[in-house]
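The residues making up each chain are set out below.
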Amino acid sequence: MRIIVSLIAGLIFGLGLVISGMANPAKVQNFLDVFGIWDPSLAFVMAGAIAISAPGFIFAHHSVKPVFGSEFNIPTNQIVDQKLLLGSATFGIGWGIVGLCPGPAIVALTGSMSEIVVFLAFMIAGLVVVKTLKSEPGIFSTT
Amino acid sequence: METEFTPINSLFGGALIGISVLMLLLLNGRIAGISGIVSSVLPPDVNKPRFFENAAFILGLILAIPLVVFFSGNTPSQAITSNAFLLGAGGLLVGIGAATANGCTSGHGVCGLSRVSKRSIIATVTFMTAAAVTVFILRHVLGGVVS
């Protein structure tokens, strides 16, 4: 059942990204281009998503367990550290350069842009590299 | 290239994203953080107990455009740089950054802001600022020399 829920949730998430314009890199870059040809549309994506999901988190906070699981897996980490700040800044630079973040990049795999395979290959490489570093002692270590 | 202001479509698409977040949260007890979900099906330590539900979510994302094309008959308009260096650098930075910050636009941006997480609010302000500055430099300082 959890697998079917995940499949449908992924599909709805993907449809949301396509319909909202988040899956169009040109639109994302125009949203970020406040001093140029600014297209504020994507602020409405965030507003629409949060308006629906925020009450769910309040509800989850007062519930014991999800329908198909034994517990809620909600992050409890409260630490603001260099990993959070530098990681977010790095992510933002990449997002700005191409106009794609991970969700839209995967959605775009079945779209009209063949260039997406280059972006995705490097994105996956980046995820794997950091994941590998996290599993070993060092600045990325999670333990 | 200019894009049309689409507040209604964007609000509706955002609402769909919100519904997906709600489903995953209330039914499966999970956060819809896409970089985390993608990362968990990748080596070195694949999350085996959760592999099929994470892969199913990714499959759902991949099926979105084919479904839109099937029902509307139109391919969604998308435009991206053709510069291979920018594509590679952008992808690498997005992957490294999201994994280091433990979240991206979905996990920190949508889910984190929805649950008023201090970490996620700081992450979101940071990546939005960095992204806007990057676009400013690319378009207005370098003036489209690279595009």
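About the thresholds
Residues numbered from 1 in each chain as written. Chains lettered and ligands numbered in written order. Predicted model: local features only at pLDDT ≥ 70, side-chain atom pairs only at ≥ 80, totals over all residues. Heavy atoms only, no water. Helix = DSSP H or I, 4+ residues; strand = E, 2+ residues; numbered from the N terminus. Buried < 20%, exposed > 50% of the residue type's maximum accessible area, 1.4 Å probe, protein only. Salt bridge = Lys/Arg side-chain N within 4 Å of Asp/Glu carboxyl O. Axes fitted to C-alpha atoms, helices over the stretch in contact; angles between N-to-C directions. Parallel < 35°, antiparallel > 145°, perpendicular 65-115°, else oblique. Left-handed = near helix turned anticlockwise from the far one by under 90°. Contact = heavy atoms within 4.5 Å. Nonpolar A, V, L, I, M, F, W, Y, C, P; charged D, E, K, R; others polar. Buried area = accessible area lost by both parts, 1.4 Å probe. Disulfide = S-S within 2.5 Å. Polar contact = N/O pair within 3.5 Å; in protein donor to acceptor, adjacent residues only side chain to side chain. Expected span 1.5 Å × (residues − 1).

Caption draft 1: Just the overall build of chain A, in detail. In terms of regular secondary structure, chain A is built from 6 helices and 0 strands. From first element to last, N terminus to C terminus, chain A shows the α and β order α-α-α-α-α-α. Oriented by its inertia axes, the alpha-carbon framework of chain A measures out at about 45 × 40 × 30 Å. Looking at the 143 residues of chain A, the share that counts as buried comes to 50%.

Caption draft 2: Just the pattern of salt bridges, in detail. Considering all chains together, one arrives at 6 salt bridges over all chains under this definition. Residue D33(A) is joined to R139(B) by a salt bridge in which the shortest nitrogen-to-oxygen separation is 2.8 Å. Here R139(B) lies in helix α6 (residues 118–141) and D33(A) lies in the loop between α2 (25–32) and α3 (41–61), a pairing that spans two chains. E53(B) serves as the salt-bridge partner of R50(B), at 3.8 Å between the closest nitrogen and oxygen. By relative accessible area, E53(B) is classed as buried at 6%.

Caption draft 3: Seen up close, unusual backbone geometry. Residues and elements named next belong to chain B. Following P43, the chain continues to P44 via a peptide bond in cis, the omega torsion being 10°. Here P44 shows up in the loop between α2 (34–40) and α3 (51–72). A positive phi angle is found at N102, which is not glycine, with a value near 55°. Note that N102 resides in the loop between α4 (84–101) and α5 (105–114). A positive phi angle is found at V116, which is not glycine, with a value near 50°. Its relative accessible area of 64% is what places V116 among the exposed residues.

Caption draft 4: Just the packing of helix α1 (residues 2–20) of chain A against α3(B), in detail. Close contact between α1(A) and α3(B) brings their axes to 6 Å; oriented N to C, the two are set at 40°. It follows from the interaxial angle that α1(A) and α3(B) lie oblique. In this structure, the crossing between α1(A) and α3(B) has a hand that is right-handed. Contacts from R2(A), I3(A), S6(A), L7(A), A9(A), G10(A), L11(A), F13(A), G14(A), L15(A) and V18(A) of α1(A) reach α3(B) at F52(B), E53(B), A56(B), F57(B), L59(B), G60(B), L61(B), L63(B), A64(B), I65(B), L67(B) and V68(B). Per-class residue counts for the contact of α1(A) with α3(B) are 17 nonpolar, 4 polar and 2 charged.

Caption draft 5: Expanded view of the interface of chain A and chain B. At the junction of the two partners, chain A supplies 106 residues and chain B supplies 109 residues. Buried surface at the junction of chain A and chain B, both sides included, amounts to about 9,700 Å², of which 75% is carbon and sulfur. When the buried surface of chain A facing chain B is broken down by residue, F13(A), F57(A) and K131(A) rank first, second and third, together holding 8% of it. Where chain A packs against chain B, one counts 3 salt bridges. Residue K131(A) is joined to D45(B) by a salt bridge in which the shortest nitrogen-to-oxygen separation is 3.6 Å.

Caption draft 6: Highlighting the state of the cysteines. Evaluated as defined, the whole model comprises 0 disulfides over all chains. Its sulfur unpaired, C104(B) is 6.1 Å from the next cysteine sulfur, which belongs to C101(A). No disulfide involves C111(B); its sulfur sits 9.3 Å from the nearest other cysteine sulfur, which is in C104(B). Of the residues examined, C111(B) reaches a relative accessible area of 0% and is grouped as buried.

Caption draft 7: Structural view of the side chain of S20(A). The residue S20(A) is located in helix α1 in this model. Residue classification places S20(A) among the buried residues on the basis of a relative accessible area of 0%. A polar atom in the side chain of S20(A) sits 3.1 Å from the backbone oxygen of L17(A). Ignoring sequence-local partners within four residues, the contact set of S20(A) consists of K27(A), L42(A), V45(A), T6(B), N9(B), S10(B), G13(B) and G14(B).

Caption draft 8: Summary view of α4(B). Over its 18 residues, α4(B) runs 25 Å from end to end, which matches the ideal 26 Å to within 8%, given 1.5 Å per residue. Check the buried side of α4(B) and you find it contacts α4 (82–98), α5 (102–107) and α6 (116–134) of chain A together with α2, α5 and α6 of chain B. Backbone geometry just after α4(B) places N102(B) at a positive phi near 55°.

Caption draft 9: Broad picture of α6(B). Taking 1.5 Å as the rise per residue, α6(B) with 24 residues should run 34 Å; its terminal C-alpha atoms sit 33 Å apart, in good agreement. For α6(B), the full list of buried residues reads R119(B), S120(B), A123(B), T124(B), F127(B), A130(B), A131(B), T134(B), V135(B) and L138(B). Where α6(B) is buried, its residues touch α2, α3 and α4 of chain A together with α4 and α5 of chain B. Among the residues trailing α6(B), G143(B) stands out with phi positive, at a value near 60°.

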